[in-house]
Amino acid sequence: MPEVTIAIPFYNAEAYLEMAILSVLSQTFTDFTLLLIDDGSTDSSLEIARKYLADRRVKIISDGENINLGNRLNQIPGFTETKYLARMDADDIMHPQRIEKQLKVLKDNPEIDVLGTNVYSIDENSDVVGLRMDASNDELVSVETFIHPSIMAKTEWFAKNPYDVFALRVEDSELWLRTCDKYVFKSLSEPLLFYREIGTQYYKKYFKGFPGVFYILGKHKFSIKYWKFSLKYFLASIIYLFFNFLGLEYILVKKRNKLQLKKKKYSFYI
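Residues numbered from 1 in each chain as written. Predicted model: local features only at pLDDT ≥ 70, side-chain atom pairs only at ≥ 80, totals over all residues. Heavy atoms only, no water.

(A) Highlighting the overall build of the chain. A count of helices and strands for the chain gives 10 helices and 11 strands. What you see for the chain is a C-alpha radius of gyration of 18 Å, in line with the 18 Å of a compact globule of 270 residues. Taking the principal axes of the C-alpha coordinates as reference, the chain spans close to 50 × 45 × 40 Å. Relative to its full complement of 270 residues, the chain shows a buried share of 51%. Put simply, of all contacts in the chain between residues at least 6 apart along the chain, 80% involve residues at least 24 apart. Working note: accessible area of the chain is about 13,300 Å², and carbon and sulfur atoms make up 57% of it. (Helix = DSSP H or I, 4+ residues; strand = E, 2+ residues; numbered from the N terminus. Rg over C-alpha atoms; globule rule 2.2 N^0.38 Å. Buried < 20%, exposed > 50% of the residue type's maximum accessible area, 1.4 Å probe, protein only. Contact = heavy atoms within 4.5 Å. Areas by Shrake-Rupley, 256 points an atom, 1.4 Å probe, with all protein chains shown as cover.)

Put into structure tokens, the structure is as follows:
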């Protein structure tokens, strides 16, 4: 039985899915299952995934339905037979040593419930443009939230803490807010994921999350931390809208990274 399952839910991800898959298959740690979950894609994503079924580690779940990300994320623990489960998005790229290093930390520090990592920010051309957190050392950092596709935990943790599917587009934020006081959250300051940030008009992405944020407020109307999150979210959407009007939204996108890097290619695969 493999030790780790790496789960990638995907929907119409033909532009980057193959790169994501190859980055997993190129890991220095090889004893894993790669679980690819199709959410009713209408492009060539499923065909791309099927190309890798010759590798015994690859499994595909496809029922032809489109039921959204939250529901797919909640299905994953039921399909997982390994002790550990790692998240991954279909447009991101794993550092070759991500699984090896995260697994070692979890084994050496059993008190940790969820472990994330620092990330490199990459653009649509897979050029590295920034570093999200300070990486001056390789220490573990206590956190209350994560870059979602960087996390790894025991499968039982995900089973006990499902995503709220009604918190549309903010499922992960709702999960961290709900669980951070009950569990030990840590992140490696070492970047072990290449996190893709592309597109323009980010304010529209914030606006699409409004129904989910209003739902969270209704569900946790007496919780200060949910009000703080929601107010911060609404303020960010307004700021992004204003900067977009001025043609300066790219400045805010860059500011997400702790360190700005000169664009460069990275050799992703060993």
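(B) Looking closely at the pairing of strand E4 (residues 84–87). Burial along E4 is two-sided: Tyr84 and Ala86 facing one way and Leu85 and Arg87 facing the other are all buried. Across four bridges, the pairing between strand E1 (residues 4–10) and E4 is parallel. Within E4, the position partnered with Ala7 by the bridge is Arg87. (Pairing = 2+ DSSP bridges.)

(C) Representation of a nonpolar patch on the surface. There is a patch of nonpolar side chains on the surface, built from Phe242, Phe245 and Leu246 and spanning about 380 Å² of accessible area. The topology assignment puts Phe242 in helix H9 (residues 224–245). Phe242 gets classed as partly exposed once you look at its relative accessible area, which sits at 49%. (Patch = residues over 30% accessible without salt bridge, like charges linked within 9 Å, V, L, I, M, F, W, Y side chains within 5 Å. Salt bridge = Lys/Arg side-chain N within 4 Å of Asp/Glu carboxyl O.)

(D) Representation of the packing of helix H8 (residues 210–219) against H9 in the model. Contact pair H8 / H9: the axes reach a minimum separation of 9 Å and the direction vectors enclose 160 degrees. Between H8 and H9, the interaxial angle falls into the category roughly antiparallel. The interaxial crossing formed by H8 with H9 has left-handed handedness. On the side of H8, the interface is formed by Phe210, Val213, Phe214, Ile216 and Leu217, while H9 contributes Tyr226, Trp227, Phe229, Ser230, Tyr233, Phe234 and Ser237. (Axes fitted to C-alpha atoms, helices over the stretch in contact; angles between N-to-C directions. Parallel < 35°, antiparallel > 145°, perpendicular 65-115°, else oblique. Left-handed = near helix turned anticlockwise from the far one by under 90°.)

(E) Main features of the pattern of salt bridges. Going through the model one piece at a time under the given rule, you end up with 14 salt bridges. Of the charged contacts in the structure, one is a salt bridge between Arg132 and Glu197, with a shortest N-O distance of 2.8 Å. One end of the pair, Arg132, is in the loop between strand E7 (128–131) and strand E8 (140–142); the other, Glu197, is in the loop between strand E10 (185–196) and helix H7 (202–208), and 65 residues separate them in sequence. In this pair, the class of Arg132 matches that of Glu197, namely buried. One salt bridge in this structure joins Asp164 and Lys219, with 2.6 Å as the shortest N-O distance. Taken together, the positions of Asp164 in the loop between helix H5 (155–160) and helix H6 (171–179) and Lys219 in helix H8 put the pair 55 residues apart, joining distant regions of the chain. Its relative accessible area of 9% is what places Asp164 among the buried residues. Through salt bridges with shared partners, one network takes in Asp164, Glu174, Arg178 and Lys219.

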